[in-house]
Amino acid sequence: MTVTAATDCPVVAMLRPRSGDAQWMVSERYEMSPWVRTTEYVDSYGNLCQRLTIPQGEMRIEVEMELETEPLIQVTPSARPTPVAQLPGDVLQFLLQSRYCPSDKMEARALEIVEGCAPGYPQAERIRSWIHETLEYRYGVSDATTDAIDTLGHGAGVCRDFSHVGVSLCRALKIPARMVVGYLYQLDPMDMHAWFEAFIGGRWYTFDATQDQPRGGRIVIAYGRDAADVAFVSNYGPLQMAEMKVTVDRLDDPAPPPVLAD
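Let me sum up the structure you'll find in this document. Only a predicted model underlies this, so the values are computations on that prediction, with no experimental measurement involved.

### Regarding the overall build of the chain
The helix and strand inventory of the chain stands at five helices and 16 strands. The globule rule puts the C-alpha radius of gyration for 262 residues at 18 Å, and the 19 Å found for the chain is close to it. Each of the three principal axes of the chain carries a C-alpha extent, and together these read 60 × 40 × 35 Å. Burial status across the chain gives 48% buried among its 262 residues. Sequence-distant contacts in the chain: of pairs separated by 6 or more residues, those separated by 24 or more amount to 73%. For the chain, the accessible area works out to roughly 13300 Å², and carbon and sulfur atoms hold 50% of it. Positive and negative side-chain charges of the chain, numbering 23 and 36 respectively, have mean locations separated by a distance of 4 Å.

### Comments concerning the pattern of salt bridges
With the rule as written, the count across this model stands at 13 salt bridges. A salt bridge links Arg16 to Glu28, with the nearest nitrogen and oxygen atoms 2.7 Å apart. Separated by twelve residues along the polypeptide, Arg16 in the loop between β2 (9-13) and β3 (23-33) and Glu28 in strand β3 bring together distant segments of the chain. Assessed through its relative accessible area of 31%, Glu28 is described here as partly exposed. Arg60 is paired through a salt bridge with Glu243; the nearest N and O atoms lie 3.8 Å apart. One end of the pair, Arg60, is in strand β6 (residues 57-69); the other, Glu243, is in strand β15 (residues 239-243), and 183 residues separate them in sequence. Given a relative accessible area of 43%, Glu243 falls into the partly exposed group. Connected through salt bridges with shared partners, the residues Arg16, Glu28 and Glu40 form a single ionic network.

### A word on the sheet that holds strand β1 (residues 2-5)
Pairing within the open sheet is antiparallel, and its four strands lie in the order β3-β6-β1-β15. The strands lining the two open edges of the sheet, one partner per strand, are β3 and β15. The average angle at which neighbouring strand axes cross in this sheet is 25°, direction not considered. Two strands pair when backbone bridges link them, and β1 and β6 are joined in this way by four bridges, in the antiparallel orientation. Residue pairing in the sheet places Thr4 in a bridge with Glu58 of β6.

### Considerations on the nonpolar core
With 65 residues, the main nonpolar core has Ile54, Ile127 and Ile200 as its most contacted residues. Among the elements that line this core, the one with the most residues is helix α5 (residues 159-172), at seven residues. Ile127 has contacts with Ile113, Val114, Gly166, Leu169, Cys170, Leu173 and Phe196, leaving out every residue within four places of it along the chain. Among the nonpolar cores identified, the runner-up in size contains seven residues, and Leu87, Phe94, Leu95 and Phe199 belong to it.

### With respect to the packing of aromatic side chains
The final tally for this structure, using the stated rule, is eight aromatic pairs. Residues Phe94 and Trp204 carry aromatic rings whose centres are separated by 5.6 Å and whose planes lie at 85° to one another, so their mutual orientation is edge-to-face. Of this pair, Phe94 sits in the loop between α1 (89-92) and α2 (107-113) while Trp204 sits in strand β12 (residues 203-207), and the two are 110 residues apart along the sequence. This pair shows no difference in class: Phe94 is buried, exactly as Trp204 is. On the numbers, 5.8 Å between centres and 90° between planes, the contact of Tyr137 with Tyr139 is edge-to-face. The class for Tyr137 is buried, based on a relative accessible area of 16%. Within the aromatic cluster, the residues linked to one another by ring pairs are Tyr45, Phe94, Phe199 and Trp204. The ring of Tyr100 is capped by Arg160, whose NZ or CZ atom sits 4.6 Å from the centre of that ring. In this structure, Arg203 is placed above the aromatic ring of Tyr205, and the distance from its NZ or CZ to the ring centre is 4.3 Å.

### Regarding the sheet that holds strand β9 (residues 177-184)
A sheet is described by the order of its strands in space; here four strands give the open sequence β12-β11-β9-β13, paired in antiparallel fashion. Because the sheet does not close on itself, it has two edges, and the strands there are β12 and β13 (218-224). Looking at each pair of strands side by side, their axes are set apart by 35° on average, direction ignored. Strand direction decides the pairing type here: β9 and β13, joined by six bridges, are antiparallel. Note that in β13 the partner of Tyr183 across the bridge is Ile219. Against the sheet, helix α3 (residues 121-134) engages β11 (193-200) and β12, with an angle of about 160° to β11.

Thresholds, definitions, all that
Residues numbered from 1 in each chain as written. Predicted model: local features only at pLDDT ≥ 70, side-chain atom pairs only at ≥ 80, totals over all residues. Heavy atoms only, no water. Helix = DSSP H or I, 4+ residues; strand = E, 2+ residues; numbered from the N terminus. Rg over C-alpha atoms; globule rule 2.2 N^0.38 Å. Buried < 20%, exposed > 50% of the residue type's maximum accessible area, 1.4 Å probe, protein only. Contact = heavy atoms within 4.5 Å. Areas by Shrake-Rupley, 256 points an atom, 1.4 Å probe, with all protein chains shown as cover. Lys, Arg positive; Asp, Glu negative; His and termini not counted. Charge placed at Lys NZ, Arg CZ, Asp CG, Glu CD. Salt bridge = Lys/Arg side-chain N within 4 Å of Asp/Glu carboxyl O. Pairing = 2+ DSSP bridges. Axes fitted to C-alpha atoms, helices over the stretch in contact; angles between N-to-C directions. Core = buried A, V, L, I, M, F, W, Y, C linked by side-chain atoms within 4.5 Å. Phe/Tyr/Trp six-rings, centres within 6.5 Å; stacked < 30°, edge-to-face > 60°. Lys NZ or Arg CZ within 6 Å of the ring centre and 35° of its normal.

Right, dumping it as structure tokens:
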């Protein structure tokens, strides 16, 4: 990517995926021109965050990484909800309403959507399929201030908005849910992508309302309560993204058909 700063601009970026249960970092390489000193810390959600100052003028950042990741995501229709009293301490925060996920105002809508569903995984899957079938994937109807209730009112949005709706509806049913950003193999056009995860039966499950079926090949960059926690670049001064290009290639198999961002 190429960025342009009118003056020296402090930045917090999320460029590095972390290794975890579903992915493992094999190798990584970073180049910055001009080169600047960069430090790193781990935020409260376990994300790797890089601090640097973009110097006045133009800067180019190149990131190349190789990861092992799961070709399929886990699907367990029989998974039951985890009682709140048994939730791990670090999961409890994902029951609370947040800036873009006002779940405290969405219980009635959530109960209406999952009517007739067994508690647990079937409810989260009904929410995912309802968003996919009901909301239109469309650019230009949302901005940085749009929350889940706004998206329901618009009847349309992009992956970020779909994720906020999914997270909000799950939390309204006392199912912990978090937003995830990263890359989905064969997404067309390729770009940063967002989906949500729900904590059911003692573990996190992946749900992507932009897709019509479960798909693996996901590279996770960051987790958070909503978009406020998972920004790819947080700049503290004027900064313009002049160019950004993302490619994701599979190294071990012929490429399957493209996965379209509906």
